[in-house]
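Structural description and commentary
One letter stands for each residue in the lines below.
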Amino acid sequence: VQLQACGGGLVQAGGSLRLSCAASGRTFSDYNMGWFRQAPGKDREFVACISSSGGTTVYTASVKGRFTISGDNTKNTVYLQMNSLKPEDTAVYYCAAGNWVEVTTGRPHYWGQGTQVTVSS
């Protein structure tokens, strides 16, 4: 599976961005998808994931109520809608794919390249 993420950018605090991750190479609906992020000087952390059926989503506590993960099987794409952004959300965001255990434990089988999100105060 090849993953291509895009949609990052510079936004003021309180603003919104939508990240997209297009998958190719295998049937998109076979995989659970996730978003991770890595801020400067910090370890990469889990942000959100969605099950292959789209019926289950999980979020890290710091983004609950602000971020929404969703998928479109017709476009082989997963999205991360980010609202009410804060400076501490600044990071490189990565999309990833794998089985449920892999994704929810931070060890997905497939990684996309990162997209930079910068939130100014």
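Structure: see above.
Quick look at the structure, then. The written sequence of each chain sets the order in which its residues are numbered from 1. Per-residue local features of the predicted model are confined to residues with pLDDT of at least 70, and side-chain atom pairs are confined, for both listing and counting, to 80 or more; whole-chain, interface and lining totals are unaffected and use all residues. Side-chain measures were taken over the full set of non-hydrogen atoms in the model, leaving aside hydrogen atoms and water.

The next thing to look at is the environment of Pro108. What counts as a helix is a DSSP run of H or I of at least four residues, what counts as a strand is a run of E of at least two, and both are numbered from the N terminus. Turning to its location among the elements, Pro108 is positioned in the loop between α1 (100-104) and β10 (110-111). Sequence separation of Pro108 and Gly98 is 10 residues, and the distance between their C-alpha atoms is 4.9 Å. Excluding anything up to four places from it in sequence, Pro108 contacts Phe36, Ala96, Ala97, Glu102 and Val103. For this analysis, residues touch if any pair of their heavy atoms sits within 4.5 Å.

Below, the discussion takes up the nonpolar core. Working definition of a nonpolar core: buried Ala, Val, Leu, Ile, Met, Phe, Trp, Tyr and Cys residues. They are joined through side-chain atoms within 4.5 Å. To sort residues, take the accessible area from a 1.4 Å probe on protein chains only and compare it with the maximum for the residue type: under 20% means buried, over 50% means exposed, and anything in between is partly exposed. With 29 residues, the main nonpolar core has Trp35, Leu80, Met82 and Tyr93 as its most contacted residues. Put simply, the parts of the chain that give this core at least two residues each are β1 (2-6), β3 (17-24), β4 (32-38), β5 (45-50), β7 (67-72), β8 (77-82), β9 (91-98) and β11 (115-120). Among the nonpolar cores identified, the runner-up in size contains 5 residues, and Phe36, Phe46, Cys49 and Val103 belong to it.

Okay, unusual backbone geometry next. Even without being glycine, Asn76 reaches a positive phi, approximately 50 degrees. As for its position among the elements, Asn76 is in the loop between β7 and β8. A relative accessible area of 25% places Asn76 in the partly exposed class. With a phi angle near 50 degrees, Ser84 is a residue other than glycine that sits in the positive phi range.

A few words now on the packing of aromatic side chains. Two measures describe an aromatic ring pair: the distance that separates the ring centres and the angle between the ring planes. Note on aromatic contacts: the rings of Phe and Tyr and the six-membered ring of Trp form a pair at centre separations within 6.5 Å, being stacked when their planes are under 30 degrees apart, edge-to-face when over 60 apart, and tilted otherwise. The final tally for this structure, using the stated rule, is 4 aromatic pairs. Between Tyr31 and Tyr110, the ring centres sit 5.6 Å apart and the planes meet at 90 degrees, which makes this aromatic pair edge-to-face. Here Tyr110 lies in strand β10 and Tyr31 lies in the loop between β3 and β4, a separation of 79 residues in the sequence. A connected cluster of aromatic rings, assembled from ring pairs, spans Phe36, Phe46, Tyr94 and Trp111. The ring of Trp111 has Arg44 sitting right over it, with the charged end atom 3.9 Å from the ring centre. In this analysis the charged atom, NZ for Lys or CZ for Arg, is taken to sit over a ring once it is within 6 Å of the ring centre and within 35 degrees of the ring normal.

Before going further, it helps to examine the state of the cysteines. Disulfides are defined in this document as cysteine sulfur pairs within 2.5 Å. Under the counting rule described, the total for this entry stands at 1 disulfide. Between the sulfur atoms of Cys21 and its disulfide mate Cys95 the distance is 2.1 Å. Between Cys21 and Cys95, the S-S torsion sits near 55 degrees, and that sign places the bridge as right-handed. Of the two residues, Cys21 sits in strand β3 while Cys95 sits in strand β9, which places them 74 residues apart along the sequence. Each member of the pair, Cys21 together with Cys95, is buried. Sulfur of Cys6: no disulfide; nearest cysteine sulfur belongs to Cys21 and is 8.5 Å away. With relative accessibility at 42%, the residue Cys6 sits in the partly exposed group. Considering cysteine sulfurs only, Cys95 is the nearest to Cys49, which forms no disulfide, with 13 Å between them.

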